[in-house]
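# Structural characterization, general
Below are the chains, spelled out letter by letter.
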Amino acid sequence: MASEDQRFLTHHGFDFREIENAITERKNGKRKRGGSTISQQTAKNVFLWPESSWLRKGLETYFTILIELIWNKHRIMEVYLNSIEMGDGIYGTDAVAWQHFGRDAANLTRANCALIAATLPNPLKFSSKTPSSYILKRQTAIMKQMRHIDVFPKK
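To keep things clear, this report deals only with the structure shown in the data block. (Residues numbered from 1 in each chain as written. Predicted model: local features only at pLDDT ≥ 70, side-chain atom pairs only at ≥ 80, totals over all residues. Heavy atoms only, no water.)

## Description of the packing of helix H2 (residues 38-47) against helix H4 (residues 73-83)
- Direction vectors running N to C along H2 and H4 enclose 50°, while the axes themselves pass 9 Å from each other. By the angle class used here, H2 and H4 are oblique. Here H2 and H4 pass one another in a crossing that is left-handed. Counting all contacts with H2, which are made through Ile 38, Ser 39, Gln 41, Thr 42, Asn 45 and Val 46, the residues of H4 involved are Lys 73, Ile 76, Met 77, Val 79, Tyr 80 and Ser 83.
- Looking at the contact of H2 with H4 residue by residue, the class counts come to six nonpolar, five polar and one charged. (Axes fitted to C-alpha atoms, helices over the stretch in contact; angles between N-to-C directions. Helix = DSSP H or I, 4+ residues; strand = E, 2+ residues; numbered from the N terminus. Parallel < 35°, antiparallel > 145°, perpendicular 65-115°, else oblique. Left-handed = near helix turned anticlockwise from the far one by under 90°. Contact = heavy atoms within 4.5 Å. Nonpolar A, V, L, I, M, F, W, Y, C, P; charged D, E, K, R; others polar.)

## Regarding the nonpolar core
- Ile 38, Tyr 80, Met 86, Ile 116 and Ile 142 are the most contacted members of the largest nonpolar core, which has 24 residues in total.
- The element contributing the most residues to this core is helix H6 (residues 110-118), with five residues.
- With residues up to four places along the chain from it excluded, the contact list for Ile 142 reads Ala 2, Ser 3, Ala 114, Ala 117 and Ala 118. (Core = buried A, V, L, I, M, F, W, Y, C linked by side-chain atoms within 4.5 Å. Buried < 20%, exposed > 50% of the residue type's maximum accessible area, 1.4 Å probe, protein only.)

## Some thoughts on the packing of aromatic side chains
- If you walk through the whole model with that rule in mind, you get four aromatic pairs.
- Both rings, one in Phe 47 and one in Phe 63, keep their centres 4.7 Å apart while their planes meet at 15°; by these two values the pair is stacked. Residue Phe 47 is located in helix H2, and its partner Phe 63 is located in helix H3 (residues 54-70); the two are separated by 16 residues in the primary sequence.
- Classification of Phe 47 as partly exposed rests on a relative accessible area of 38%.
- In this structure an aromatic cluster arises from ring pairing among Phe 47, Tyr 62 and Phe 63.
- Sitting above the plane of the Phe 8 ring, Lys 73 keeps its charged end 4.5 Å from the centroid.
- In this arrangement the basic side chain of Arg 75 is found over the ring face of Trp 71, its NZ or CZ atom lying 5.5 Å from the centre. (Phe/Tyr/Trp six-rings, centres within 6.5 Å; stacked < 30°, edge-to-face > 60°. Lys NZ or Arg CZ within 6 Å of the ring centre and 35° of its normal.)

## Describing the pattern of salt bridges
- By the definition in use, this model includes six salt bridges.
- Note that Lys 73 and Glu 68 form a salt bridge whose closest N and O atoms lie 2.9 Å from each other.
- When salt bridges that share partners are traced, they join Arg 7, Asp 15 and Glu 18 into one network. (Salt bridge = Lys/Arg side-chain N within 4 Å of Asp/Glu carboxyl O.)

So this is what it looks like as structure tokens:
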């Protein structure tokens, strides 16, 4: 949540503030970035295809609404973490935890988690196993953000 969607626990699938920020930055000639939430990314990863198009965005919106209506936030996060690509042929947090840290996801440290999250803009280019100085800087920033993110309530 600290790196991908800081308002995940408070929005209903769409973070209109981040969408607006992404549009404004694009209009001002800044780097292209997404405004997709974890819910939207889950809809795309589970039900759709990776290539961007207006058709896919429309279907992504539909599936995002459905999963927000049917699943609670804990389930959305669980599906997201088990379906997201984390490296070449690596899908899910448990797979990356074993391949990069030699342990299951439940036993990762906060620093390990932040390092994995730091690679998410492009896990095919960046690695949590052999992090570049750029990824280590992102890890530090994410660790700082983690302090401000609410956690899921106990079941």
